[in-house]
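# Coordinate analysis (summary)
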Amino acid sequence: MQPIISISNLTKTYKSGHQALKRVDLDIRKGEIFALLGPNGAGKTTMISIICGIVNPSSGTVTADGHDIVRDFRAARTKIGLVPQELHTDSFETVMATVTFSRGLFGKAPHPAHIEKILKDLSLWEKRNTKIQELSGGMKRRVMIAKALSHEPQILFLDEPTAGVDVELRRDMWGLVRELRESGVTIILTTHYIEEAEEMADRIGVITKGELILVEDKSVLMQKLGRKTLTLNLSEPMTTIPAELGEWALTLKADGNELEYVFDTNAERTGIPSLLRRMSDLGIAFKDLNTRQSSLEEIFVNLVHTPAGEAS
Amino acid sequence: MMFNRHAVWSIYKFEIARFGRTILTSLLTPVITTSLYFIVFGSAIGSRMTEVGGVPYGAFIVPGLIMLSMFTESISNASFGIYMPKWAGTIYELLSAPVSPFETVVAYVGAAATKSLLLGLVIFATAHLFVDVQVAHPLLMLGFMVLIAATFCLFGFIIGIWAKSFEQLQVVPLLIVMPMTFLGGAFYSIDMLPAAWRTVALFNPIVYLISGFRWTFFGKGDVAIGISLAATCGFLAICLVIISWMFKTGYRLKN
Ligand SMILES: Nc1ncnc2c1ncn2[C@@H]1O[C@H](COP(=O)(O)OP(=O)(O)OP(=O)(O)O)[C@@H](O)[C@H]1O
Ligand SMILES: [Mg+2]
């Protein structure tokens, strides 16, 4: 099937000389939820802004539903809705006026019933005649989502939709995104939160320093992310790992004072109880133990430094 | 979709609504200023200088007054219209919409020009309260007003894209256009100047615009009407070239 968005060789160098995107290639499948993960300054917003026509690419091409975003910008943009990262709203307009305006801007004839449905879905209907400046931050974000949905886009970009948003709105938003997906809309969202990607996405892309270093089905990636590290602080330092513990693939750390065991939380058996039993059989004592989840940071570092394939 | 008329109409309505929020000040201000000009220039100066080239002084300054307000208001309305979304960040939506540069200009400049035209007519009506002005070529007068409104709104639109601060937004209308209009014969005929100054004045493009507009009122101006029209259209053409260059390169709109 033809990808709904096809990015090839996309590069962006800002006037400051900063290279924000380095030869990015990416295909987004029709109807999927794609989460773009990456630390601050990775280039997520830059990539979205280019696709939406807000930033000029330095080189490379992007097509949206087969339409080149530069040559055939009208057809491409009609299909796309964008909720940017920053809250940018008019102050003096009412909610209703600003959402109606957006629909017109995207070339669609007025459709009050559709606008009503969106405002109701986003719990904005009661506020429809309120001036935007009188709304709270979370409500303004809802207004921006309503604007992006006003012209019934086939592709929706959500740039950090849940940054600075309370739990309830986050739940609502996730629900809305799922509903949109059901109706066939392709969704691309960026986030810093692994849990969010886990909750929502079908596929995940990881970008750092302008490079897309990994694109993977969520299930596959979550397995990698599901790994934890068990650290045992030994009572007595050890020089070599006894052969009897060979089946656990342990590593010795901190000058032989610590044993580290990496295990998979998604696996049927973690191997921890048997490891501890075997150690006690061998008379190896430990003072303390702890487990920790690989952090997003570590995963990025791992992904950058280990060649593909080795990581899993 | 060859022409995104829904978008043009949406932007146009948005801009008109923006003007509508300040309609009282927008319309009262020109009425009051015009009245003041008539009291100061018309009565004080007019009592000493009864006519210019056969036209009573009070009537003589009407076209100049209309032009002065239309120049400055066109620039500030149009520049504000595009500068505000840039400043507030809401421009992202326009940039991401299926709207061509041509449609953007038609909508923004069209709305600003509508307001300028209205303003010009209000001043014209106010002037009638003070003096008796006969217009020799009413249709041409209207046409000239439309042309001037469009040209200066285009010019304002350029300034709005160029400006990086509210201060820069004010600089051109206040520090350049206003003085040039005063010096450009808004309230006198350049024939009244000494020969040397008259030559200098002819380098001021505003002279041609005011002269042309005055011609539509009294059938005579400082320069021939053809030259005035050519100068106006030339200015319009320059603005169009600059705007299309701005959109082509994304100048100060896109990174
Ligand atoms: N207008 C600009 N001019 C110069 N550099 C820019 C501009 N916009 C962004 N950058 C730089 O490009 C890089 C990528 O920025 P971008 O906003 O795309 O990151 P991001 O992944 O969205 O980050 P965040 O998670 O913080 O939103 C950053 O180093 C940023 O400083
Ligand atoms: Mg960002």
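Residues numbered from 1 in each chain as written. Chains lettered and ligands numbered in written order. Predicted model: local features only at pLDDT ≥ 70, side-chain atom pairs only at ≥ 80, totals over all residues. Heavy atoms only, no water.

Within an unreviewed UniProt entry, the label attached to chain B reads Transport permease protein, and the organism entered is Sphingobium boeckii. What the UniProt record of chain B gives under Sequence similarities (unreviewed entry) is the line "Belongs to the ABC-2 integral membrane protein family." (UniProt positions renumbered as here; feature names shortened; annotations may be inferred.)

Identification of chain A as ABC-2 type transport system ATP-binding protein from Sphingobium boeckii is taken from an unreviewed UniProt entry.

### Thoughts on the interface of chain B and chain A
Contact residues are listed per partner, giving 25 residues for chain B and 29 residues for chain A. Taken over both partners, the interface formed by chain B and chain A buries close to 2600 Å², and the fraction arising from carbon and sulfur atoms is 57%. Viewed at the interface, chain A and chain B are joined by 3 salt bridges. The shortest N-O distance in the salt bridge between Arg-21 of chain B and Glu-93 of chain A comes to 3.2 Å. For the pair chain B and chain A, the interface holds 12 residue pairs in polar contact (both at pLDDT 80 or more). When residues of the side of chain B that touches chain A are traced back to their parent elements, those giving at least two are α1 (5-20) and α4 (91-96) of chain B. Residue composition of the side of chain B that touches chain A, grouped by class: 12 nonpolar, 9 polar and 4 charged. (Contact = heavy atoms within 4.5 Å. Buried area = accessible area lost by both parts, 1.4 Å probe. Salt bridge = Lys/Arg side-chain N within 4 Å of Asp/Glu carboxyl O. Polar contact = N/O pair within 3.5 Å; in protein donor to acceptor, adjacent residues only side chain to side chain. Helix = DSSP H or I, 4+ residues; strand = E, 2+ residues; numbered from the N terminus. Nonpolar A, V, L, I, M, F, W, Y, C, P; charged D, E, K, R; others polar.)

### Things to note about the nonpolar core
Grouped together as the largest cluster of nonpolar side chains are 140 residues, with contacts concentrated most on Ile-5 and Phe-157 of chain A. In terms of residues, this core owes the most to one element, helix α3 (residues 57-88) of chain B, which gives 14 residues. The residues contacting Ile-5 of chain A, other than those within four sequence positions of it, are Leu-26, Asp-27, Ile-28, Ile-51, Val-62, Thr-63, Ala-64, Ile-155, Phe-157 and Ile-188 of chain A. Residues Leu-232, Leu-245, Leu-275 and Ile-284 of chain A belong to the second largest nonpolar core, which totals 14 residues. (Core = buried A, V, L, I, M, F, W, Y, C linked by side-chain atoms within 4.5 Å. Buried < 20%, exposed > 50% of the residue type's maximum accessible area, 1.4 Å probe, protein only.)

### A closer look at the domain arrangement of chain A
Parsing chain A into structural domains produces domain 1 (5-223) and domain 2 (227-293). For domain 1 of chain A versus domain 2 of chain A, the distance between C-alpha centres works out to 45 Å. (Domains from an automatic or database assignment.)

### Let's talk about the confidence of the model for chain A
Scored by pLDDT, chain A comes out at a mean of 87, with 92% of its residues at no less than 70. Contacts for the low-pLDDT stretch residues 307-312 of chain A, under 50 throughout, to residues beyond four places or in other chains number 3 contacts. (pLDDT = per-residue confidence, 0-100.)

### Regarding the sheet that holds strand β2 (residues 19-28) of chain A
All names here are of chain A. An order of β2-β1-β4-β5 is seen for the 4 strands of this open sheet, with the pairing classed as antiparallel. The open sheet has two edge strands with one neighbour each: β2 and β5 (67-68). Relative to strand β4 (residues 59-64), strand β1 (residues 5-13) is paired through 5 bridges, and the arrangement is antiparallel. Paired with Ser-6 across the two strands is Thr-63, which belongs to β4. (Pairing = 2+ DSSP bridges.)

### Here's the deal with the sheet that holds strand β7 (residues 155-159) of chain A
Hydrogen bonds along the backbone pair up the strands of a sheet, which may run parallel or antiparallel. All names here are of chain A. The 6 strands are arranged β6-β7-β8-β3-β9-β10 in an open sheet whose pairing can be described as mixed. Strands with a single pairing partner mark the edges of an open sheet, and in this sheet they are β6 (80-83) and β10 (211-217). Strand-to-strand twist in this sheet, taken as the mean axis angle between neighbours without regard to direction, amounts to 15°. One ladder, built from 6 bridges, connects strand β9 (residues 203-208) with β10; its direction is antiparallel. Counterpart to Arg-203 in the pairing with β10 is Asp-217. (Axes fitted to C-alpha atoms, helices over the stretch in contact; angles between N-to-C directions.)

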